[in-house]
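Reading the structure
Here is how the chains run, residue by residue.
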Amino acid sequence: MDASILTEAGFQLIDEAGWRTLAEKALKGADFDATLVSQSDDGLPIRPIYTRCDDAQPLAHNHAGTPHAGDAWTVNQRRDDANLARARAQMADDLENGATGITLVFAGSVSAHGAGLTAGDETAFRKTAASRAAAPFSLRLEAPYAERVLAGTLARALDSAGARKAPVHFGLDPFSAALAGTASGTTDLAVLVKELAGFGFSGTVLNADGRLAHNAGAGEALELAVAAAALAEILRLLDASGVAPEAAFALTGLSLAADQDQFLTTAKLRAARRIHARMQAACGISEPQPAHLHAETSWRMLTRLDPETNILRNTIAVFSAGTGGADEITVLPHTLALGVPDPLARRIARNTQVVLITESNLAHVADPAAGAGGIEALTDALAEKAWALFAGIERDGGLSAAIASGRIKALVETARAGRKAKPIVGTTLFPLKQERPFTVLGPLAEAAATTGLKPVLLADLDAGAAA
């Protein structure tokens with residue numbers, strides 16, 4: 001707003017120092033920092049007021065090429081029901097009613113959370129390829145790294161069906177699997193990457209992923225550092241196989257979690273873009289290209305009690321990811337922690353994005369947070385702290401070595417243990433006297449025993465702390 005309008009209306013202009021003087025007077029002797037300055041889980045200060053950053057530059061996203069969505073991000077919907085006939089009907093309904101992307105989630109992947117298709121069943125690929133040839137949509141594969149041959153199977157099915165008109169993200173990620181303790185080893189990865197790249201699909205082949213670290217309890221900076229360290233390992237691996245850095249960056253997407261902390265989530269995604277650009281500059285790339293940034297709503301923020309409140313948390317997470325510049329967003333249905341979601345839960349997950357795009361026009365402005373003092377400050381602080389953590393991982397031999405030594409697991413578990421229990425609406429704050437009935441299509445599979453990181457529901461921990 002023009003300052004002259006305020007002065008003409010009789011308002012006195014005041015600078016930050018003047019505002020602080022008035023605030024301290026209102027506090028009546030209470031300590032300013034202790035009362036008004038909060039901290040993130042990473043210990044980053046969050047002040048009550050910031051001045052605008054007039055020299056901020058908007059951060060580019062990578063929405064170009066999204067089918068049927070104009071400048072909007074990809075509205076992604078999980079296909080994770082093991083009942084293939086039911087899953088096909090769900091997918092058709094999703095695509096007819098606003099989804100522009102589908103994720104094939106296989107049981108045992110780090111993002112399955114107890115749901116998922118059965119590995120080895122190629123029927124899902126053939127039917128999906130036929131559907132995609134008729135009406136293009138973005139496709140993402142979330143499969144266990146131990147079943148990485150599925151990526152080649154999917155590529156051949158899509159190629160045979162002529163389904164080439166939309167992005168494919170094959171999601172190869174040995175590092176999340178190693179962190180989860182389910183699989184390790186990259187000896188054949190470069191060969192598989194070259195094979196998949198040879199099909200010529202738009203999209204990405206590899207995934208540098210911070211979601212498991214987040215869902216196991218990491219703060220935003222550590223999540224970013226893990227994703228950056230995964231990207232660095234990928235660069236070294238492909239460089240040793242003769243793949244140029246420019247091509248390696250283009251072949252690799254980023255995946256991060258989006259939770260109910262609006263400003264931190266927006267800042268985290270913006271910080272990811274800054275780190276990605278900084279890594280390209282370090283590799284001597286003169287014209288850095290924006291990463292493909294996939295955001296998935298947080299598993300750890302879901303609650304089993306009063307699950308309808310998860311709808312509100314998911315809405316904030318999608319808003320935050322959208323304003324943070326995500327190219328693709330996946331919403332975990334609000335009943336996922338209770339079982340395989342039913343059609344209503346899936347519809348709400350899909351419409352959470354559709355409403356924000358079509359009715360709130362959220363995707364019409366590129367990087368709407370650019371210049372906002374608070375978010376710019378959080379972006380800077382997260383990027384710097386994450387870079388410092390990433391540099392420490394690199395000094396100690398890289399992500400694979402840090403996983404093998406147990407360092408990453410220890411960092412995540414320390415971060416989780418150091419969190420302050422927070423009130424959770426419907427669980428520890430305003431709990432229902434009697435839970436309402438809910439519907440799911442079946443139980444979730446029990447997680448396999450492992451010594452690696454495990455996703456947790458922080459609501460369960462906080463409810464236990466409050467009990």
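All figures in this text were calculated on a predicted structure; none of them were measured in a lab. (Residues numbered from 1 in each chain as written. Predicted model: local features only at pLDDT ≥ 70, side-chain atom pairs only at ≥ 80, totals over all residues. Heavy atoms only, no water.)

1. So, the nonpolar core
Short version of the rule: We define the nonpolar core as a collection of buried residues of types Ala, Val, Leu, Ile, Met, Phe, Trp, Tyr and Cys that are connected through side-chain atoms lying within 4.5 Å of one another. Accessible area is worked out with a 1.4 Å probe on protein chains only. A residue is then buried under 20% of its type maximum, exposed over 50%, and partly exposed in between. Helix and strand assignments come from DSSP, with helices taken as H or I runs of at least 4 residues and strands as E runs of at least 2, each series counted from the N terminus. Here, two residues are considered to be in contact whenever any of their heavy atoms come within 4.5 Å of each other.
Counting 104 residues, the largest nonpolar core has L104, F170, L172, L238, M279 and I408 as the members making the most contacts within it. The biggest single contributor to this core is helix 10 (residues 220–240), with 14 residues. When near neighbours in sequence (up to four residues on either side) are disregarded, L172 contacts R148, A151, L189, L192, V193, L196, V205, L206 and N207. Counting residues in each nonpolar core, the second largest holds 6 residues, with L332, L336, A337 and L457 among its members.

2. Notes on the packing of aromatic side chains
Counted only if it meets this: Between the rings of Phe, Tyr and Trp (Trp by its six-membered ring), a pair exists once the centres lie within 6.5 Å; its type follows the angle of the planes, with under 30 degrees stacked, over 60 edge-to-face, and the other angles tilted.
Inspection of the entire model under this criterion finds 5 aromatic pairs. When the centroid spacing of 5.1 Å and the interplanar angle of 75° are considered together, the rings of W387 and F390 count as edge-to-face. Residue W387 and its partner F390 are both found in helix 15 (residues 373–395); the two are separated by 3 residues, about one turn of the helix. The exposure classification of W387 matches that of F390, with both residues buried. A network of ring pairs unites the aromatic residues F170, F199 and F201 as a single cluster.

3. Here we look at the pairing of strand 9 (residues 293–297)
The following threshold applies: Paired strands, as defined in this entry, are two strands with at least two bridges between them according to DSSP. Crossover handedness is defined here as right-handed if the route from the first strand over the helix to the second strand goes clockwise, with the strands pointing away from the viewer.
With respect to burial, strand 9 is a largely interior element, 5 of its 5 residues being buried. With burial as the criterion, each face of strand 9 is covered, one bearing L293, A295 and T297 and the other bearing H294 and E296. Where strand 8 (residues 252–258) lies against strand 9, 5 bridges are found, and the strand directions are parallel. Paired with L256 across the strands is A295, a residue of strand 9. A crossover links strand 8 with its parallel partner strand 9, the connecting element being helix 12 (residues 262–282), and its sense is right-handed.

4. A look at the pattern of salt bridges
The test is simple: Within this document, salt bridges are pairs made up of a side-chain nitrogen of Lys or Arg and a carboxyl oxygen of Asp or Glu, the two lying within 4 Å of each other.
Following the criterion strictly, the structure yields 31 salt bridges and no others. A salt bridge links D54 to R52, with the nearest nitrogen and oxygen atoms 3.5 Å apart. Across this residue pair, the class does not change: D54 and R52 are exposed. Ionic pairing is found between R164 and D159, a salt bridge with its closest N-O pair at 2.6 Å. What makes R164 partly exposed here is its relative accessible area of 36%. In this structure D159 comes out as partly exposed when scored by relative accessible area, which is 33%. When salt bridges with common partners are traced through the structure, they connect R78, D80, D93, D94, E142, D209, R211, E296, R346 and R350 into a single cluster.

5. As for the side chain of T297
Relative to the helices and strands, T297 is located in strand 9. Ignoring any residue separated from it by four or fewer positions in sequence, one finds T297 in contact with A258, N314, A317, V318, T330, V331 and L332.

6. Some points on the packing of helix 5 (residues 123–134) against helix 6 (residues 149–161)
We count it as follows: Here the axes come from fitting lines to C-alpha atoms, over the contacting stretch only for helices, and the angles between their N-to-C directions go from 0 to 180 degrees. Oblique is the label for any angle not covered by the other classes, which are roughly parallel (under 35 degrees), roughly antiparallel (over 145) and roughly perpendicular (65 to 115). Less than a right angle of anticlockwise turn of the near helix away from the far helix marks a crossing as left-handed, whereas a clockwise turn marks it as right-handed. Gly counts as polar in this scheme, as do all residues outside two lists: the nonpolar Ala, Val, Leu, Ile, Met, Phe, Trp, Tyr, Cys and Pro, and the charged Asp, Glu, Lys and Arg.
Closest axis-to-axis distance for the helix 5/helix 6 pair is 9 Å, and the angle between their directions is 40°. One way to sum up the angle between helix 5 and helix 6 is to call them oblique. As helix 5 packs across helix 6, the resulting crossing turns out to be right-handed. Taken together, the residues of helix 6 that come into contact with helix 5 (itself represented by F125, A129, A130, R132 and A133) are L150, T153, L154, A157, L158 and A161. The class makeup of the residues in the contact of helix 5 with helix 6 is 9 nonpolar, 1 polar and 1 charged.

7. Details of helix 13 (residues 309–324)
Definition in use: In this scheme, a helix's expected span is set at 1.5 Å multiplied by one less than its residue total.
Look at helix 13: 23 Å from first C-alpha to last across 16 residues, which is about the 22 Å you get at 1.5 Å a residue. Every buried residue of helix 13 is accounted for by T309, N310, R313, N314, A317, V318, S320, A321, G322, T323 and G324. Looking at the packing, one finds that the buried side of helix 13 touches strand 8, helix 12, strand 9, strand 10 (328–330) and helix 14 (343–358).

8. Observations regarding the sheet that holds strand 7 (residues 203–209)
Here we have 8 strands rolled up into a closed barrel, ordered 3-4-5-6-7-8-9-10, and parallel in their pairing. Direction aside, the axes of adjacent strands within the sheet are offset by 30° on average. Relative to the sheet, helix 4 (residues 84–96) contacts strand 3 (74–79) and strand 4 (101–105), its axis offset from that of strand 3 by approximately 165°.

9. Quick word on the side chain of R300
As a reminder of what qualifies: Two residue types count as positive, namely Lys and Arg, and two as negative, namely Asp and Glu; His and chain ends fall outside the count.
Considering the arrangement of structural elements, one finds R300 in the loop between strand 9 and helix 13. Although R300 is buried, it makes no salt bridge; D259 carries the closest opposite charge, 4.3 Å away. What R300 contacts, discounting residues up to four positions off in sequence, is D41, H214, N215, G217, A218, D259, V456, L457, L458 and A459.

10. A word on the confidence of the model for the chain
Formally: As a per-residue measure, pLDDT reflects the predictor's confidence and takes values from 0 up to 100.
Confidence along the chain averages 91 in pLDDT terms, with 95% of residues attaining 70 or more. pLDDT under 50 marks residues 64–69. Its contacts with residues more than four places away, or in other chains, come to 13 contacts.

11. Some points on a nonpolar patch on the surface
What counts is decided by this rule: Note on patches: the residues involved have over 30% relative accessible area and no salt bridge, like charges join within 9 Å, and the nonpolar side chains Val, Leu, Ile, Met, Phe, Trp and Tyr join within 5 Å. Where accessible areas are quoted, they stem from the Shrake-Rupley method and a 1.4 Å probe; at the residue level, only the protein chains shown are allowed to cover.
Taken together, V425, L429 and F430 make up a surface patch of nonpolar side chains, about 290 Å² in accessible area. We classify F430 as exposed; its relative accessible area is 65%.

12. Quick word on the environment of R313
Quick reminder of the rule: Each polar contact in these results corresponds to two N or O atoms within 3.5 Å; when the atoms are within protein, one needs to be able to donate a hydrogen and the other to accept it, and residues that are neighboring in sequence are counted only if both atoms are side-chain atoms.
Positionally, R313 belongs in helix 13. Assessed through its relative accessible area of 10%, R313 is described here as buried. With near-sequence residues (within four places) excluded, R313 lies in contact with Q260, M301, T303, I424 and V425. Engagement of the side chain of R313 in a polar contact is seen with the side chain of T303, the distance being 3.2 Å.

13. Observations concerning helix 2 (residues 16–27)
In this model helix 2 runs 16 Å from its N-terminal to its C-terminal C-alpha over 12 residues, within 8% of the 16 Å that 1.5 Å per residue would give. Within the sequence span of helix 2, burial applies to G18, A23 and L27. For helix 2, the secondary structure elements touched by its buried residues are helix 3 (32–36). Phi turns positive one or two residues past the end of helix 2, at K28, with a value near 55°.

14. What about the packing of helix 10 against helix 15?
The N-to-C vectors of helix 10 and helix 15 enclose an angle of 50°; their axes lie 8 Å apart at closest approach. Taken together, the axes of helix 10 and helix 15 are oblique relative to one another. In this structure, helix 10 crosses over helix 15, and the sense of that crossing is right-handed. Across the interface between the two elements, E220, A221, L222, L224, A225, A228, A229, A232 and R236 from helix 10 touch L382, K385, A386, L389, F390, I393 and E394 from helix 15. Of the residues in the contact of helix 10 with helix 15, the class split is 12 nonpolar, no polar and 4 charged.

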